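Chain residues, written in single-letter form:
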Amino acid sequence: MMFRQKPQSIRIAMIGIKAIPARFGGFETAVDELSRGLVRLGHHVRVYNRSHMATLAGTHYEGVQLVNLPTLKSKNLSTIVHAFLCTLHVLFHPVDVVHYFTTGVTLFAPLPRLFGVKVVCSVDGTDWQRAKWGRFSRRYLRFSEKLAVLGCHRLISDSRDVMNYYRQSYGADSSCIAYGMREHRSERRDFLNRFGLGERSYVLFVGRLVPENNIHHLIRAFQRTGTDRKLVIVGDDPWEKDYVRSLKHSGDPRVIFTGGVYGDEYAQLQQNAYLFVLPDEVGGTHPALVEAMGYGNCVLVNDTPSNLEVIADSGFHYRGADGDVDLQRKLQELLDAPELVAPFRMRARERAQTHYRWENVVRQHSNVYKQLLGDIDPVETPEFVHPAGS
């Protein structure tokens, strides 16, 4: 049996990401913000990095303990092998809560449970639907949703759409806690200048360059618009080389690929865009969308339930089922109407500042941990997001 050090200071291990500081995707950004925020609340947080992806020397990052462990360099096995080694490490280095990020690694959730550790999993929509996975991987990821339901004490969903999916599919309740937005502002323009970009002179996409994010739809739609503005594609994917290569052969000089962009350079791109477009069709809340709104971007999204939930009446949407047809129509409409776009920048930012602040997200996670450990009554904490149906 493992015991906690003191009632209000919880020892938390976070497993399932590539590495922090975040230079990869949504879960990495979430763990980066959550871990540092939880440390500021007085908790002890340990984050497991993949050795070959860790970029920070040393064992601590703003108070967060970093443990770098190896794994296989394989699209299908890298995450699960790393999670197994991390779980074994936890068994010999006691914590109170193990927080897994993505259902695919919850195969090992029963191990810490045997030692009295509470287990939480952040679920990210229907990951098995992503086109990058082969048949076996898809079946395993679908099965892993059941593993998460059976093996974890609590699930955390990032949107009501995902929360409803788990309730309807498995009868499982979850705490609905969305992502937060970063508020770093840049006064520089050097990265914009490198690509010949001016203020409000480009449409922006940020995300992994994978088929289910429909960047091909966005490029085709943009190519048919009559505009002098550019389309900036931020992101990459090491496993989808053929798809990425096909995107870059568009032949339109207005389409610019920057690769992965982080930190101040990322802030420069977000806060100076004319319009942010998210054409994805899979997943829950997308961190880049929340961040775009926080930076004061007018946003245009595929009309998935999760995307519509995020923007509410503070952005625009198109019919994703029509491929690039309706997307091109909406793009042209917004490109031709800066007087329509401008007020929606303010509306998007106000919504993000009201509903997607990292300090609230961190506090909500802290309360999930405390409630699981019996330290608080969730009914008495207004910032706690109740499980579905409660």
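Here the structure is a predicted model, which means the values were calculated and not measured.

A.B. asks: Is there a simple way to think about the overall build of the protein in this case?
C.D. replies: The number of helices and strands found in the protein is 14 helices and 14 strands. Taking all 390 residues of the protein together, 58% fall into the buried category. A sequence separation of at least 24 residues applies to 68% of the contacts in the protein between residues at least 6 apart. Accessible area of the protein: about 16300 Å², with a carbon and sulfur share of 52%.

A.B. asks: I tried to follow the state of the cysteines on my own but got confused; where do I start?
C.D. replies: Disulfide: a covalent bond formed between the sulfur atoms of two cysteine residues. Enumeration according to the criterion identifies zero disulfides in this entry. Its sulfur unpaired, Cys121 is 4.9 Å from the next cysteine sulfur, which belongs to Cys152. Using a relative accessible area of 0% as the deciding quantity, one classes Cys121 as buried. Residue classification places Cys152 among the buried positions, given a relative accessible area of 8%.

A.B. asks: How should I be thinking about the sheet that holds strand β11 (residues 255-259) in this particular structure?
C.D. replies: Strand-to-strand pairing in sheets goes through backbone hydrogen bonds, with the strands running parallel or antiparallel. Taken in spatial order, the six strands make up an open sheet running β11-β10-β9-β12-β13-β14, and their pairing is parallel. The sheet is open, and its two edges are formed by β11 and β14 (316-318), each paired on a single side. Recorded for the sheet is a direction-independent mean angle of 25 degrees between the axes of neighbouring strands. With four bridges joining them, strand β10 (residues 230-234) and β11 adopt parallel strand pairing. Each residue of the ladder has a partner; that of Leu231, found in β11, is Val255. Here helix α9 (residues 263-272) sits on the sheet and contacts β9 (202-206), β10 and β12 (275-278); the angle it forms with β9, its principal contact strand, is near 130 degrees.

A.B. asks: Looking at this model, I keep getting lost on the pairing of strand β6 (residues 118-123). Mind explaining?
C.D. replies: Two faces belong to every sheet, and in a regular strand the side chains alternate between them. Burial analysis of β6 places five of its six residues in the buried class, which makes it a mostly covered element. Of the pairings in the sheet, the one linking strand β5 (residues 97-101) to β6 comprises five bridges and is parallel in character. By the bridge assignment, Val98 is partnered in β6 with Val119. Looking at chain direction, β6 and strand β7 (residues 154-157) are connected through four bridges and run parallel. Each bridged residue has a counterpart across the sheet, and for Val120 the counterpart in β7 is Arg154.

A.B. asks: Looking at this structure, I do not really get the pattern of salt bridges. What am I missing?
C.D. replies: Think of it this way: side chains of opposite charge can pair up when their charged atoms draw near. Summed over all chains, the structure comprises 19 salt bridges. Notably, a salt bridge pairs Asp32 with Arg36, separated by 2.7 Å at the nearest N-O pair. Highlighted residues: Asp32 and Arg36, both in helix α1 (residues 26-40), separated by four residues, approximately one helical turn. Judged by relative accessible area, Arg36 falls into the buried class, the value being 13%. Through salt bridges with shared partners, a single ionic network connects Arg319, Asp322, Asp326, Arg329 and Glu333.

A.B. asks: Whenever I open this one, helix α14 (residues 358-372) confuses me. Can you help?
C.D. replies: Note on helix geometry: an α-helix contains 3.6 residues per turn, so any two residues three or four positions apart are oriented the same way. End to end, α14 covers 21 Å across 15 residues, agreeing with the expected 21 Å (1.5 Å per residue, within 8%). Next to the buried residues of α14 lie β1 (11-15), α1, β5, β6, β7 and β8 (175-176). Backbone geometry just after α14 places Gly374 at a positive phi near 80 degrees.

A.B. asks: Teacher, can you tell me more about the side chain of Thr225 here?
C.D. replies: Position of Thr225 relative to the elements: it lies in the loop between α7 (215-223) and β10. A polar side-chain atom of Thr225 sits 2.6 Å from the main-chain carbonyl oxygen of Phe222. In this view, Thr225 contacts Arg254, Gln328, Leu331, Gln332 and Leu335; residues no more than four positions away in its chain are not counted.

A.B. asks: Whenever I open this one, the environment of Asn213 confuses me. Can you help?
C.D. replies: If you trace the backbone, Asn213 turns up in the loop between β9 and α7. Between the alpha carbons of Asn213 and Val282 there is a distance of 7.4 Å; along the sequence they are 69 residues apart. Residue contacts for Asn213: discarding those within four places in its chain leaves Phe205, Gly207, Arg208, Pro279, Asp280 and His286. From its side chain, Asn213 meets the backbone oxygen of Arg208 in a polar contact 2.8 Å long.

A.B. asks: Any chance you could explain the nonpolar core here in plain terms?
C.D. replies: Across soluble globular proteins, nonpolar side chains have a tendency to be buried as a group. Membership of the largest hydrophobic core comes to 57 residues, with the highest contact counts inside it found for Leu269, Leu275, Phe276, Leu289, Leu300 and Leu331. One finds Ile80, Ala83, Cys121 and Cys152 within the second-largest nonpolar core, a separate group that totals 29 residues.

A.B. asks: Teacher, can you tell me more about helix α13 (residues 338-355) here?
C.D. replies: Helix length check: α13, at 18 residues, gives a terminal C-alpha distance of 26 Å against a target of 26 Å (1.5 Å per residue), a fit within 8%. What α13 keeps buried is the set Val341, Phe344, Arg345, Ala348, Arg351 and Ala352. Axial view of α13: buried residues confined to an arc of 145 degrees, hence all on one face. In α13, the exposed positions angled more than 90 degrees off the buried face are occupied by Glu339 and Thr354.

A.B. asks: Whenever I open this one, the sheet that holds β1 confuses me. Can you help?
C.D. replies: What the eight strands build is an open sheet, ordered β3-β4-β2-β1-β5-β6-β7-β8; its pairing is mixed. For this open sheet the edge positions go to β3 (60-61) and β8, each flanked by a neighbour on one side alone. As judged from the four bridges shared by β1 and strand β2 (residues 44-50), these two strands associate in the parallel manner. Paired with Arg11 across the two strands is His44, which belongs to β2.

A.B. asks: Would you explain the confidence of the model for the protein in this entry?
C.D. replies: Close reading of the predicted structure is inappropriate where its pLDDT is low. Scored by pLDDT, the protein comes out at a mean of 88, with 90% of its residues at no less than 70. Low pLDDT (under 50) marks residues 1-7, which in the prediction has 17 contacts with non-local residues, meaning those over four places away or in another chain. For the stretch residues 379-390, pLDDT sits under 50, and the model shows 27 contacts to residues farther than four places along the chain or on other chains.

Conventions and cut-offs
Residues numbered from 1 in each chain as written. Predicted model: local features only at pLDDT ≥ 70, side-chain atom pairs only at ≥ 80, totals over all residues. Heavy atoms only, no water. Helix = DSSP H or I, 4+ residues; strand = E, 2+ residues; numbered from the N terminus. Buried < 20%, exposed > 50% of the residue type's maximum accessible area, 1.4 Å probe, protein only. Contact = heavy atoms within 4.5 Å. Areas by Shrake-Rupley, 256 points an atom, 1.4 Å probe, with all protein chains shown as cover. Disulfide = S-S within 2.5 Å. Pairing = 2+ DSSP bridges. Axes fitted to C-alpha atoms, helices over the stretch in contact; angles between N-to-C directions. Salt bridge = Lys/Arg side-chain N within 4 Å of Asp/Glu carboxyl O. Expected span 1.5 Å × (residues − 1). Polar contact = N/O pair within 3.5 Å; in protein donor to acceptor, adjacent residues only side chain to side chain. Core = buried A, V, L, I, M, F, W, Y, C linked by side-chain atoms within 4.5 Å. Arc of directions from axis to C-beta. pLDDT = per-residue confidence, 0-100.

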